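Below are the chains, spelled out letter by letter.
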Amino acid sequence: MKILVTGGAGFIGSNFVYYLLEKHPEDEIVVLDLLTYAGNLKTLQPVLDKIKFVKEDICDREAIFKLFSEENFDVVVNFAAESHVDRSIEDPGVFLKTNILGTQVLMDASRKYGVKRYHQVSTDEVYGDLPLDRPDLLFKETTPLHTSSPYSASKASADLLVLAYYRTFKLPITISRCSNNYGPFQFPEKLIPLMIARALDDKTLPVYGEGLNVRDWLHVKDHCSAIDLIIRNGKVGEVYNIGGNNERANIEVVKTILKALDKSESLINYVKDRPGHDQRYAIDASYISKTLGWKPEYNFETGIMQTINWYLDNKSWWEEIVSGEYKNYYDKMYSGR
Ligand code: NAD
Ligand code: TDX
């Protein structure tokens, strides 16, 4: 099987490439990535001789059509996106372009060149949020889309477009909507790697609001195994929720990291809340479990310890990031907050 992995130099995409190489060494993998601030070719360095890498923008119609005409992909898995909510609040434009129009270009090329499966990597954020005082409520695949941030609105728009291409053009699609991922190679703008990196440097940890917002954490490897099952055995036209059943308030996550690193809770700094901040995400993943037999391997306690150890053992990967342009980003987003 020949698989195009877009956004394969980012966090989840690169983990997916490693997953495929181990699980399906017979597959041919092409990674396409624009290498934005979030993409890092170093992440794929050890396997560059086993895959083909193409630096390209998913919005560049001509380049994408040329690639599809040359490669004859069986499957496209679209991870490429602008993915950080805070950045979408600062500057929504690029989110609409990449996340919506980029998806359209990839689907148009998939139609023209007869791709057998187009898989869209979506998010639980398309469902909006759940109240903190209703632990009985979970997102189901049938929950109406109801978005909060420019990021989630762009992802929901893409989802609707993917469903439209199925209904109107019979493009063989599947969609997965996943909860918050954590694990190796996550860019240190997201909660867990940001807090690990800052705690290790004895810097303050900026917790939004009171830290009571809840996320349902899923180890990235479990996300990869779910996508792999969907592209091989999933039903065309279906949406699959993927979740870890590991709900934690942000402050609990931050305190877990501090404890594991033997750092003081006095590093915690409660800062101004994120505008439009979603309160709680919680996924009902029973459909993929029942129909495809998927189940997560990691629980949060072991997964977070492994992740912390990975950041300790791979300082060179993230120290380079936090010493460059990232410093300006951090000052811009957090100063005076
Ligand atoms: P990421 O920001 O780490 O990686 C995104 C990758 O896409 C980067 O390598 C970047 O260079 C590339 N990219 C960006 N714009 C591009 C363009 N125009 N053309 C080609 N490549 C481009 O993101 P991630 O956390 O790995 O997320 C991957 C996907 O999973 C996204 O679609 C995101 O919405 C979705 N998702 C993420 C999470 C999470 O917790 N991180 C949860 C659910 C869903
Ligand atoms: O400095 C911070 N302080 C803080 O309190 C940051 C960066 C985050 N937070 C809070 C906000 C959220 O409640 O932590 C929680 C997690 O924040 P993020 O890591 O930014 O993730 P989130 O906004 O939940 O979105 C993530 O999950 C769904 C991914 O970034 C998305 O790409 C994915 O679709």
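Described below are features of the structure shown in this document. Owing to the predicted nature of the structure, the values given are computational and were not obtained by experimental measurement.

As a further point, take the site of ligand 2. Neighbouring ligand 2 are 23 residues; Glu125, Tyr151, Arg274, His277 and Tyr334 lie closest to it. Taking Ser83, its main chain carries an N or O atom lying 2.8 Å from an oxygen atom of ligand 2. One of the side-chain N or O atoms of Arg215 is found 2.7 Å from an oxygen atom in ligand 2. Protein burial of ligand 2: of its 650 Å² of free accessible surface, 94% is covered by the chains. For the shell around ligand 2, the per-class residue count stands at ten nonpolar, seven polar and six charged.

A word on the nonpolar core. Counting residues in each nonpolar core, the largest one holds 43 residues, and the members touching the most others are Leu4, Phe68, Tyr118, Ile242 and Ile288. For Phe68, the residues in contact, after removing those within four places along its chain, are Leu4, Phe73, Val76, Leu106, Ala109, Ser110, Tyr113 and Val115. Ranked by size, the runner-up nonpolar core spans 40 residues in total, among them Ile196, Val253, Leu267 and Trp310.

As used in these notes, a disulfide is a covalent bond between sulfur atoms, one from each of two cysteines. Taken as a whole, this structure holds zero disulfides when the rule is applied. Among the cysteines around Cys178, which has no disulfide bond, Cys224 carries the closest sulfur, lying 9.3 Å off. Since its relative accessible area comes to 3%, Cys178 is described here as buried. Residue Cys224 is classed as buried on the basis of its relative accessible area of 1%.

All right, on to the site of ligand 1 then. Neighbouring ligand 1 are 28 residues; Ile12, Asp33, Ser83, Tyr151 and Lys155 lie closest to it. Measuring from an oxygen atom of ligand 1, one finds a backbone N or O atom of Gly39 at 3.5 Å. Contact with the protein chains covers 96% of the free accessible surface of ligand 1, which is 830 Å². For the shell around ligand 1, the elements supplying multiple residues, two or more each, are helix H1 (11-23), strand S5 (117-123) and helix H5 (150-169). Broken down by element, the residue count for the shell around ligand 1 peaks at three residues, all from S5. Here the residues of the shell around ligand 1 are counted per class, giving 13 nonpolar, eleven polar and four charged.

Attention now moves to the pattern of salt bridges. If you walk through the whole model with that rule in mind, you get 22 salt bridges. Put simply, Asp284 and Lys140 hold a salt bridge, and the shortest N to O gap is 2.8 Å. Remark: Lys140 occurs in the loop between S5 and H5 and Asp284 occurs in the loop between strand S13 (268-271) and helix H9 (286-292); sequence separation between them is 144 residues. When its relative accessible area of 14% is taken as the criterion, Asp284 is described as buried. Classification of Lys140 by relative accessible area gives partly exposed; the value is 40%. Residue Asp202 pairs with Lys263 through a salt bridge whose shortest N-O separation is 3.0 Å.

Let us now look at the side chain of His277. With respect to the helices and strands, His277 occurs in the loop between S13 and H9. In this structure His277 touches Asp129, Tyr208, Asn213, Arg215 and Asn250, once residues within four positions along its chain are discounted.

Quick look at the side chain of Thr43 now. You can see Thr43 is positioned in the loop between strand S2 (28-33) and strand S3 (52-55). For Thr43, a relative accessible area of 2% gives the class buried. If we ignore the near neighbours within four places in the chain, the residues touching Thr43 are Ser14, Tyr18, Phe185 and Trp317.

Moving on: the sheet that holds S5. Taken together, seven strands build an open sheet; the order of strands is S3-S2-S1-S4-S5-S6-S11 and the sheet is parallel. Where the open sheet ends on each side, the last strands, each with one partner, are S3 and strand S11 (239-242). In this sheet, adjacent strand axes meet at a mean angle of 20° when their direction is disregarded. Two strands pair when backbone bridges link them, and strand S4 (residues 75-78) and S5 are joined in this way by four bridges, in the parallel orientation. Bridging across to S5, Val76 finds its partner in Tyr118. Strands in contact with H5 are S5, strand S6 (173-178) and S11; relative to S5, the strand with the most contacts, it is inclined by about 155°.

Basis of the calculations
Residues numbered from 1 in each chain as written. Chains lettered and ligands numbered in written order. Predicted model: local features only at pLDDT ≥ 70, side-chain atom pairs only at ≥ 80, totals over all residues. Heavy atoms only, no water. Near = heavy atom within 4 Å. Polar contact = N/O pair within 3.5 Å; in protein donor to acceptor, adjacent residues only side chain to side chain. Areas by Shrake-Rupley, 256 points an atom, 1.4 Å probe, with all protein chains shown as cover. Nonpolar A, V, L, I, M, F, W, Y, C, P; charged D, E, K, R; others polar. Core = buried A, V, L, I, M, F, W, Y, C linked by side-chain atoms within 4.5 Å. Buried < 20%, exposed > 50% of the residue type's maximum accessible area, 1.4 Å probe, protein only. Contact = heavy atoms within 4.5 Å. Disulfide = S-S within 2.5 Å. Helix = DSSP H or I, 4+ residues; strand = E, 2+ residues; numbered from the N terminus. Salt bridge = Lys/Arg side-chain N within 4 Å of Asp/Glu carboxyl O. Pairing = 2+ DSSP bridges. Axes fitted to C-alpha atoms, helices over the stretch in contact; angles between N-to-C directions.

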